[in-house]
Amino acid sequence: MKKSKEINTIPEETSEKKAGIFQILLLWIFIPLLFISAVLLILAKFADINVFDKAKEWTETLPFVSEKKEEDTGADNLVLEERVVSLQAEIKEKEAELFKLQSDFDKSTDEQDKLLVEQQRLVDEIARLTNEQDDTKKEFKSIITTYEQMSAKSVAPVITEMADTEAIRILANLKPDILAAVLEKMAPEDAAKYTTLMTGEQ
């Protein structure tokens, strides 16, 4: 009977020892660490220190972390440089396009100015020719009036001495009765010639 009681007490002692080790660890290590951490966080808060930023700085000083960061920075710099080169090339291309458009615009403006000058020159030329034509018409009417005031006997020999085109032009513009009188004073062959030419003109 005594042996069975001893056997039953052995596992209880072992479990008590196990519980005792965990309690010792909890009481002497974990709880003090938690207390120290809490005190440090409170002090950092009052000192206006960001614990997480400090931790980040400390981890960056570690050799393997800083090397990785340098590699990342190098890769980022390379990407940025490529982007900058690409953007600079795009800017140069846009500047070339803008220069070409400006050049085309200037050229079209110059051509438009030239066309306007030419148009004005033609308008002035037409006005001059119209004035000359009006003057010529006035002069011709004056000549016709002069011939109509002359006697038919005096007009007939003058007409026969002119070129046919000029003679026909004058004869065609004389009044009918004066024309008849002038033709009567001409030689028959001249009268026939001028009559035929005037008929052909009509």
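The structure under discussion appears in the preceding block.
A brief look at the structure comes next. A quick note: this is a predicted structure, and the numbers were derived from the prediction, not measured. (Residues numbered from 1 in each chain as written. Predicted model: local features only at pLDDT ≥ 70, side-chain atom pairs only at ≥ 80, totals over all residues. Heavy atoms only, no water.)

## What about the overall build of the chain?
Right, on to step 1. Each helix and strand counted, the chain has seven helices and zero strands in total.
Right, on to step 2. Start at the N end of the chain and walk to the C end: the helices and strands fall as α-α-α-α-α-α-α.
Right, on to step 3. Per-residue burial for the chain yields a buried fraction of 11% across its 202 residues.
Right, on to step 4. Contacts in the chain between residues far apart in sequence, at least 24 positions, make up 58% of those at least 6 positions apart.
Right, on to step 5. Counting every atom, the chain has about 17400 Å² of accessible surface; 62% of that belongs to carbon and sulfur. (Helix = DSSP H or I, 4+ residues; strand = E, 2+ residues; numbered from the N terminus. Buried < 20%, exposed > 50% of the residue type's maximum accessible area, 1.4 Å probe, protein only. Contact = heavy atoms within 4.5 Å. Areas by Shrake-Rupley, 256 points an atom, 1.4 Å probe, with all protein chains shown as cover.)

## Let's talk about the packing of aromatic side chains
Right, on to step 1. Under the defined criterion, the tally for this structure stands at zero aromatic pairs.
Right, on to step 2. Directly above the aromatic system of Phe140 lies the positively charged group of Arg169, at a separation of 3.9 Å from the ring centroid. (Phe/Tyr/Trp six-rings, centres within 6.5 Å; stacked < 30°, edge-to-face > 60°. Lys NZ or Arg CZ within 6 Å of the ring centre and 35° of its normal.)

## Digging into the side chain of Glu148
Right, on to step 1. Mapping Glu148 onto the fold places it in helix α3 (residues 63-149).
Right, on to step 2. This buried residue, Glu148, is left without a salt bridge; Lys175 holds the nearest opposite charge, at 4.3 Å.
Right, on to step 3. Residues in contact with Glu148, not counting those within four places in the same chain, are Asn173, Leu174, Lys175 and Ile178. (Lys, Arg positive; Asp, Glu negative; His and termini not counted. Salt bridge = Lys/Arg side-chain N within 4 Å of Asp/Glu carboxyl O.)

## What to know about the nonpolar core
Right, on to step 1. Core analysis: the biggest nonpolar cluster contains 21 residues, and Ile159, Leu171, Val182, Met186 and Tyr194 have the highest contact counts within it.
Right, on to step 2. Taken together, the elements giving at least two residues each to this core come down to α3, α4 (152-161), α5 (164-173), α6 (176-184) and α7 (188-201).
Right, on to step 3. Residue contacts for Leu171: discarding those within four places in its chain leaves Ile159, Leu179, Val182, Met186, Tyr194 and Met198. (Core = buried A, V, L, I, M, F, W, Y, C linked by side-chain atoms within 4.5 Å.)

## A look at a nonpolar patch on the surface
Right, on to step 1. A contiguous nonpolar patch, built from Ile21, Phe22, Ile24, Leu25, Leu26, Leu27, Trp28, Ile29, Phe30, Ile31 and Leu33 and spanning about 1100 Å² of accessible area, is present on the exposed surface.
Right, on to step 2. Along the chain, Ile29 falls in helix α1 (residues 2-46).
Right, on to step 3. Residue class for Ile29 comes out partly exposed when judged on its relative accessible area of 40%. (Patch = residues over 30% accessible without salt bridge, like charges linked within 9 Å, V, L, I, M, F, W, Y side chains within 5 Å.)

## Overview of the pattern of salt bridges
Right, on to step 1. Throughout the structure, instances matching the rule amount to five salt bridges.
Right, on to step 2. Across the pair Arg121 and Glu118 runs a salt bridge, and its minimum N-O distance is 2.8 Å. One end of the pair, Arg121, and the other, Glu118, are both in helix α3, three residues apart, so they sit about a helical turn from each other.
Right, on to step 3. What makes Arg121 partly exposed here is its relative accessible area of 44%.
Right, on to step 4. Here Arg128 and Glu125 are joined by a salt bridge, their closest N and O atoms 2.5 Å apart. Of the two residues, Arg128 and Glu125 are both situated in helix α3; the distance of three residues between them amounts to about one turn of the helix.
Right, on to step 5. Judged by relative accessible area, which is 38%, Arg128 ranks as partly exposed.
Right, on to step 6. Judged by relative accessible area, which is 29%, Glu125 ranks as partly exposed.

## Some thoughts on α4
Right, on to step 1. Looking at α4, one finds that the buried residues are Ala152, Val155, Ala156 and Ile159. Along α4, the residues classed as buried sweep out an arc of 105° about the axis, all on the same side. Exposed side chains of α4 directed beyond 90 degrees from the buried face belong to Lys153 and Glu161. (Arc of directions from axis to C-beta.)

Read these as geometric descriptors, not functional statements.
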